[in-house]
Amino acid sequence: ALAEARAAHVPIRHDVSAPGAHEARRIAAELRTAIAEDQLFLAYQPKVHVRRQEIGSAEALVRWQHPTRGLVPPGDFIGAAEDGGLIDALTVWTIERAIADQGRLQAAGHDLRIFINISGQLLGDQAFVETACRLITGSGAKLGFEVTETSVIRDPSSAIANLQRFADIGIVIAIDDYGAGLSSLAYLKQLPARELKIDKLFVTQLTSSNRDPLIVRSTIDLAHALEMEVVAEGVETQAALALLTVMGCDMVQGFLISRPISLDALLLFMEEDGHQLVSQDTRATFNA
Ligand code: C2E
Ligand code: MG
Ligand code: MG
Ligand code: MG
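The name given to the chain in an unreviewed UniProt entry is Phytochrome-like protein cph2, and the organism recorded there is Sphingomonas dokdonensis.

Draft legend 1. A look at the pattern of salt bridges. Applying the stated criterion across every chain, the model contains twelve salt bridges. Its salt-bridge partner being lysine 47, residue glutamate 195 comes within 3.0 Å of it at the nearest N-O pair. Here glutamate 195 is found in strand S7 (residues 195-198), whereas its partner lysine 47 is found in strand S1 (residues 40-49), with 148 residues between them in sequence. The same class applies to glutamate 195 and to lysine 47, which are both buried. In this structure, a network of salt bridges that share partners links the residues Lys47, Glu59, Glu146, Glu195 and Lys197.

Draft legend 2. Structural context of the coordination of the magnesium ion (ligand 4). Ligation of the magnesium ion (ligand 4) by protein atoms is provided by Asp177 (OD) and Glu233 (OE), these donors lying 2.3 to 2.4 Å from the ion. Metal-to-metal, the separation of the magnesium ion (ligand 4) and the magnesium ion (ligand 3) is 3.1 Å; aspartate 177 coordinates the two. Of this pair, aspartate 177 sits in strand S6 (residues 172-178) while glutamate 233 sits in strand S8 (residues 229-233); the two residues are 56 residues apart in sequence, bridging distant segments of the chain.

Draft legend 3. Structural view of the site of ligand 1. Lining the immediate environment of ligand 1, one finds 20 residues, of which Arg63, Asp177, Lys200, Glu236 and Phe255 sit closest. In this structure, an oxygen atom belonging to ligand 1 sits 2.9 Å away from a side-chain N or O atom of lysine 200. The separation between a nitrogen atom of ligand 1 and a polar side-chain atom of glutamate 236 is 2.5 Å. Coverage of ligand 1 by the protein chains reaches 82% of its 800 Å² of free accessible surface. For the shell around ligand 1, the elements supplying multiple residues, two or more each, are strand S2 (54-66) and S6. Residues belonging to the shell around ligand 1 are distributed by class as follows: seven nonpolar, six polar and seven charged.

Draft legend 4. Spatial organisation of the side chain of arginine 113. Looking at where arginine 113 falls in the secondary structure, it is placed in strand S4 (residues 113-117). We note that arginine 113 is buried and unpaired, the nearest opposite charge coming from glutamate 195 at a distance of 6.7 Å. Looking at arginine 113, its side chain comes within polar contact range of the main-chain oxygen of leucine 143, at 2.8 Å. If near-sequence neighbours (up to four positions away) are discounted, arginine 113 is found in contact with Gly56, Ser57, Ala58, Gln102, Lys142, Leu143, Gly144, Gly170 and Val172.

Draft legend 5. Looking closely at the nonpolar core. Within the largest apolar cluster, 83 residues are counted, with the highest numbers of intra-cluster contacts made by Leu31, Leu40, Phe128, Phe145, Phe166, Val235 and Leu244. At eight residues, the largest contribution of residues to this core is made by helix H4 (residues 87-107). Beyond its immediate chain neighbours, meaning those up to four positions away, phenylalanine 166 contacts Leu123, Phe128, Val129, Ala132, Cys133, Phe145, Ile171 and Ile173.

Draft legend 6. Structural context of the pairing of S4. Along S4, four of the five residues are buried, which leaves the element largely enclosed by surrounding structure. The pairing of S2 with S4 spans four bridges and is parallel. Note that in S4 the partner of glutamate 59 across the bridge is phenylalanine 115. Taken together, S4, helix H5 (residues 126-136) and strand S5 (residues 143-148) constitute a β-α-β crossover, and its handedness is right-handed.

Draft legend 7. Region of interest: the coordination of the magnesium ion (ligand 3). Within the protein, the atoms that donate to the magnesium ion (ligand 3) are Asp176 (OD), Asp177 (OD) and Glu233 (OE), at distances of 2.0 to 2.4 Å. Here the donor residues of the magnesium ion (ligand 3) share one chain and are spaced in sequence as D-D-x55-E. In this structure, the magnesium ion (ligand 3) is positioned 3.6 Å from the magnesium ion (ligand 2), and both are ligated by aspartate 176. Taken together, the residues span a long stretch of sequence, with aspartate 176 in strand S6 and glutamate 233 in strand S8 at a distance of 57 residues. On the basis of relative accessible area, aspartate 176 is assigned to the buried category, the value being 7%.

Draft legend 8. Geometry of the packing of H5 against helix H7 (residues 156-168). One can describe the packing of H5 onto H7 by two numbers: an axis separation of 11 Å at closest approach and a directional angle of 5°. Taken together, the axes of H5 and H7 are roughly parallel relative to one another. Taking contact as the criterion, the partners of Gln126, Phe128, Val129, Glu130, Ala132 and Cys133 in H5 are, on H7, Asn162, Arg165 and Phe166.

What counts, and where the lines are drawn
Residues numbered from 1 in each chain as written. Chains lettered and ligands numbered in written order. Predicted model: local features only at pLDDT ≥ 70, side-chain atom pairs only at ≥ 80, totals over all residues. Heavy atoms only, no water. Salt bridge = Lys/Arg side-chain N within 4 Å of Asp/Glu carboxyl O. Helix = DSSP H or I, 4+ residues; strand = E, 2+ residues; numbered from the N terminus. Buried < 20%, exposed > 50% of the residue type's maximum accessible area, 1.4 Å probe, protein only. Donors = N, O, S within 2.8 Å, 3.2 Å for Na, K, Ca; no water. Near = heavy atom within 4 Å. Polar contact = N/O pair within 3.5 Å; in protein donor to acceptor, adjacent residues only side chain to side chain. Areas by Shrake-Rupley, 256 points an atom, 1.4 Å probe, with all protein chains shown as cover. Nonpolar A, V, L, I, M, F, W, Y, C, P; charged D, E, K, R; others polar. Lys, Arg positive; Asp, Glu negative; His and termini not counted. Contact = heavy atoms within 4.5 Å. Core = buried A, V, L, I, M, F, W, Y, C linked by side-chain atoms within 4.5 Å. Pairing = 2+ DSSP bridges. Right-handed = clockwise from strand over helix to strand, strands pointing away. Axes fitted to C-alpha atoms, helices over the stretch in contact; angles between N-to-C directions. Parallel < 35°, antiparallel > 145°, perpendicular 65-115°, else oblique.

Rendered as structure tokens:
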């Protein structure tokens, strides 16, 4: 019976989760054009330092303005880019844009670090690592890389060595989506990471669940014991922010403070609200 159930289930699960090889190839081909023709852009979501009440950094989230399909979210094309051999080109594009945008922020007097999401696959790609280091070294840009722990599991020794190289040239490493994937305390201890981002899975229901506050509090304590700063992603309510503050969470990010916005909107946000971010006024203005 068990074998029968397995036989019945495996293909069904596969069909539901995978977009299909043909579909992935089509997306990858279109994405190649999108990179060449400047159809991609970056949206920035601020990370706010709770105690200092200021924006310390912003995360760059890629978007695709497709000529016929409209705005395509990254969840619909990052997987195809990884499978289609395009994630390196896409990420190099992202790094170049982030360096330019970071320069614009600096020029406007805003000392913000820009964090870029780096697919795990790239941590084992030496050509990518060389290109990224060459672009960033000497650019003067303050950057950070967000990586998931799962991305280290494939080839831990080379991933850890490459992360160390990035850290050595001043890139701040953040562990993304902590708790959502295959979290291993063994890797957590070895990664040269300065930030740990608690996945929004544990944050969006923080004040309506019994267990999430316990998980979040123990994760904050663990990160602090390892001398990392903690970022909560998916902060949507004032109640969640209040609880995270009491728990000693260092930084928050979420729709409560701001959705991902254009660079111009981020510059405006900094001009108008730079130092009193978590005020009612800010939220009313920017989340309207
Ligand atoms: P992520 O890095 O964990 O980014 C957080 C996602 O949560 C973003 O979705 C963001 O818009 C969303 N989010 C932020 N605040 C809230 C909130 O308060 N509530 C809720 N419900 N959601 C919130 P997005 O922009 O669709 O990005 C999805 C994922 O795509 C990212 O997850 C990241 O893993 C990936 N991604 C985005 N840009 C890039 C990129 O340039 N390269 C790579 N490799 N991956 C990227
Ligand atoms: Mg991220
Ligand atoms: Mg995340
Ligand atoms: Mg996440």
